[in-house]
Amino acid sequence: MQMTEAAVKRKKTNSGGLKDVLKPFLFLPFWILIYWNLDALTSYLIYSVLGLSKGDHFADSLFFFVYEVPKVLLLLVLIVFVVGIVRSYFSPERTRKILGGKKLFAGNVLASMLGIVTPFCSCSAIPLFIGFVESGIPLGVTFSFLIAAPMINEVALVLLFGLFGWETALLYMSTGLLIAIISGYILGRLKLEKYVEPWVYEIKAGHIEQSEEKITISQRISAGVDAVKEIVSKVWIYIVAGIAVGAGIHGYVPENFMASFMGKSAWWSVPAAVLLGVPMYSNAAGIIPIVQALLEKGASLGTVLAFMMGVIGLSLPETIILRKVLKLRLIFVFVGIVATGIIIVGYLFNLIY
Amino acid sequence: MISVKVLGPGCARCRTLESKVRELVQKNNIDAEVTKIDDIAQMVGYGIMMTPALVVNEKVKCSGIIPKDEQIIQWINEG
């Protein structure tokens, strides 16, 4: 969420002081209490209260569902809150300033990292793109940003962390960054400026006046709270649906079922997974619980992560929107390079794991 | 009369902001003219990088979020 400095100044008069800052933190002890006791609570509910037995398909599915939904939602609330606060430090205008004038490779690295903390909705792709290009940020650096922003979002990372552990989340983030940096760098070197629609370079972009207004801590905290309200309300239903599907797979699909076509031995499974994922669009929340269930049933990590990156990193709606500013050839090159990067990462994971 | 512009290329959020602004103006009998801008060149002319955005009397008030009702009214009344 972004506000001009002037708008933030107005908001200041409305927000309270210490009270607003402390309120969110009152939830913390409850959060910790519930989170650490989820296993015990769920076991009690499923086995004692409902009297189901372990190993029963339905019991297993239900356990999975009852355990995962609160766990994932709790994690989501925490991380979205933290990232919401971090974001208050990085407005697109500030990002633009930071990236301006940086040398090519350093710019790619910075842009990719900034892409992680900058909120991204597909319709913002165009003004963002134009804004960057207009202030002289090289095309390749802009692309690094455009690749990193949707692919590495905090919802995806939280879910990966919650369901698979911090190593997987870290791996996803670092390989995502790598793909963004290298793809952007390559795109930059290919000198594809001539495939940007000419009108982009012709319009005169205005600039919002930068006031020296400082944002207070209280406003940053409320930015975090607003982020939680906005994102969780949008996403919770997909999470519940995804976990429900995952629960079904967990309880009913036989072990190793996926191994045959998503397992390591099928060499074509990685490119197939990416090709399947690219035209699909889902937000991270919905796809990850399904990913978890697939993994449990024998799909290999590389294939599944490649699929996930394809789904959330490259989306058909986004490329359609970008068509307004990029010529078709550039779009194909863009998608092609990123997809190739994802496939390579997929193979790498399968090799390592 | 106050000029209020809602900037957005046509996704769900910009439409939400537009209807919210129109509704607030009408309910509170504010003397304002509300227009929706979906032309990209015009949007970029205001210097915004995230949509939807709200512009009151040619000053950009926010971009990338759907602000609270009280906030919208306050901005419009301040002119």
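The rules we used
Residues numbered from 1 in each chain as written. Chains lettered and ligands numbered in written order. Predicted model: local features only at pLDDT ≥ 70, side-chain atom pairs only at ≥ 80, totals over all residues. Helix = DSSP H or I, 4+ residues; strand = E, 2+ residues; numbered from the N terminus. Buried ≥ 20, exposed ≤ 12 C-beta atoms within 10 Å, placed from the backbone. Contact = placed C-beta atoms within 7 Å. Pairing = 2+ DSSP bridges. Right-handed = clockwise from strand over helix to strand, strands pointing away.

Peer 1: Talk me through the overall build of chain A; I want residue IDs and the actual numbers.
Peer 2: Tallying secondary structure elements over chain A gives 19 helices and one strand in all. When the 353 residues of chain A are sorted by exposure, 44% land in the buried category. For chain A, restricting intrachain contacts to residue pairs at least 6 apart in sequence, the fraction spanning at least 24 positions comes to 89%.

Peer 1: Report on the pairing of strand 1 (residues 2-7) of chain B, specifying residues and quantitative values.
Peer 2: All names here are of chain B. With six bridges joining them, strand 1 and strand 2 (residues 32-37) adopt parallel strand pairing. In the strand pairing of strand 2, Val-4 is matched with Val-34. Running through helix 1 (residues 12-27), the crossover from strand 1 to the neighbouring parallel element strand 2 is right-handed. Where strand 1 meets strand 3 (residues 53-56), four bridges bridge the pair, whose relative direction is antiparallel. Across the sheet, residue Lys-5 finds its bridge partner in strand 3, namely Val-55.

Peer 1: Go over the environment of A:Gly346 with me, naming the residues and quoting the values.
Peer 2: All names here are of chain A. In this fold, Gly-346 is placed in helix 19 (residues 328-352). Among the residues examined, Gly-346 registers 27 C-beta atoms within 10 Å and is labelled buried. With 158 residues separating them along the chain, Gly-346 and Gly-188 place their C-alpha atoms 24 Å apart. Setting aside chain neighbours within four positions, we find Gly-346 in contact with Val-270, Ala-273, Val-274, Gly-302, Thr-303, Leu-305 and Ala-306.

Peer 1: Go over helix 8 (residues 125-134) of chain A, please, and point to the residues and values.
Peer 2: With respect to burial, helix 8 of chain A is a largely interior element, eight of its 10 residues being buried. Those residues of helix 8 of chain A that sit buried are A:Ala125, A:Ile126, A:Pro127, A:Leu128, A:Phe129, A:Ile130, A:Gly131 and A:Phe132. Against helix 6 (92-99), helix 9 (139-151), helix 12 (198-202) and helix 18 (316-322) of chain A together with helix 2 (40-45) of chain B lie the buried residues of helix 8 of chain A. Immediately downstream of helix 8 of chain A, the backbone of A:Gly136 shows phi near 85°, a positive value.

Peer 1: Please provide a residue-by-residue account of the environment of B:Gly10, values included.
Peer 2: All names here are of chain B. Along the chain, the position of Gly-10 falls in the loop between strand 1 and helix 1. For Gly-10, a count of 11 C-beta atoms within 10 Å corresponds to the exposed category. For the pair Gly-10 and Asp-38, spaced 28 residues apart in the sequence, the C-alpha separation amounts to 6.6 Å.

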